[in-house]
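# Structure assessment
Each chain is listed here by its residues.
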Amino acid sequence: MLGRYAAGIRRFLRTTLTPNDCRRIVSTQQARRESSFLAMLEHGVYANPRSPYRQLLVHAGIQLPDAVAQVQALGLEAALDAWYDRGVFVTIDEFKGRRPIVRGDLTIEMRPEDFDNPLLVQHYETRTGGSRGPRARLVVDLDLLVHEAAQTQLFLAAFGIEAMPVGIWREVLPGAVGIKTFLRHTKIGGRVLTWFTPRTPIARLEDVKYQLFTMATAAISRMAGKPMPMPDYVPPRDAGRIAQWLAAQKRLGAPAILDTNTSTAVRACLAAKELELDISGSVF
């Protein structure tokens, strides 16, 4: 997987999306929304016997022709509402494997990979943070990340903050969000100045392979002229370091965006208040 990931990252970083590119990507997504959903349903759900979604749909008496007819007749949202009422949904506890899916006489015991989209190219694999239960497996497709980057650009532009520098305070791999945040911002020409991580890069034996992924990303991004900062360990108890970085950006006349969790954002603000640091203009 490392070789596929390295090749994919090179292609991903080779080009930068312009604002016009981002608007075109998102508008095309919107225009093709129902047809894309139905194609995914046919090839990624009904063609996949292990899919929990397929089992739920079939148990509700909804075969593929029925699903297509309902989406075309009712529209996507209304069709999904109707399926929900018939038990076609997955709760967060079911998705994370905390309990089996039970609908009437149907019980589905899942494996983490059963929720994988077989249509994605598996460039790399990560884990959820696991703060509320077992760490769930996530597969990341760099082509899909292009679409996420386009959406990020439109979101930032809506608030007029697309030119602000970015700092990240997120977990390293196998946590998914940190490296995806760097890749999304870099794809749209953003400046990611630093990456703080609340977790040590190597805390378990399995982390060694993820450190290799991180180092490969850093090396390839440097060669592409879009260097990724190596993660700097800053635990939540040291939030003062984050506040000092934000204050330094303020003094430079370039207040920054800090991409982090809500709880750690609050810690950074409290630290700035305690240390009497001016972080006004910062965006969380």
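Relevant structure appears above.
Keep in mind it's a predicted model, so treat the numbers as computed, not measured.

### A short note on the packing of aromatic side chains
Applying the stated criterion to the full structure yields six aromatic pairs. Relative to Phe115, the ring of Tyr53 has its centre 5.6 Å away and its plane inclined at 70°; by these criteria the two rings are edge-to-face. Here Tyr53, found in helix H4 (residues 52-59), pairs with Phe115, found in the loop between strand S2 (106-108) and strand S3 (124-127); they are 62 residues apart in sequence, far enough to count as distant. Phe115 gets classed as buried once you look at its relative accessible area, which sits at 13%. Judged by centre distance (4.6 Å) and plane angle (35°), the ring pair of Tyr84 and Phe89 falls under tilted. Note on Tyr84: relative accessible area 48%, which makes it partly exposed. Through successive ring pairs, a cluster of aromatic residues spans Tyr53, Phe95 and Phe115. The ring of Phe89 has Arg103 lying over it, and the distance from NZ or CZ to the ring centre is 4.0 Å. Above the ring of Phe12, the side-chain terminus of Lys187 is found at 4.9 Å from the ring centroid.

### A look at the packing of helix H11 (residues 239-251) against helix H12 (residues 262-274)
Where H11 contacts H12, the two axes come as close as 8 Å, and the packing angle between them is 75°. The angle between the axes of H11 and H12 places the two elements in the roughly perpendicular class. Taking contact as the criterion, the partners of Ala239, Gly240, Ile242 and Ala243 in H11 are, on H12, Arg267, Ala268, Ala271 and Ala272. A breakdown of the residues in the contact of H11 with H12 according to their chemical character gives six nonpolar, one polar and one charged.

Conventions adopted
- Residues numbered from 1 in each chain as written.
- Predicted model: local features only at pLDDT ≥ 70, side-chain atom pairs only at ≥ 80, totals over all residues.
- Heavy atoms only, no water.
- Phe/Tyr/Trp six-rings, centres within 6.5 Å; stacked < 30°, edge-to-face > 60°.
- Helix = DSSP H or I, 4+ residues; strand = E, 2+ residues; numbered from the N terminus.
- Buried < 20%, exposed > 50% of the residue type's maximum accessible area, 1.4 Å probe, protein only.
- Lys NZ or Arg CZ within 6 Å of the ring centre and 35° of its normal.
- Axes fitted to C-alpha atoms, helices over the stretch in contact; angles between N-to-C directions.
- Parallel < 35°, antiparallel > 145°, perpendicular 65-115°, else oblique.
- Contact = heavy atoms within 4.5 Å.
- Nonpolar A, V, L, I, M, F, W, Y, C, P; charged D, E, K, R; others polar.

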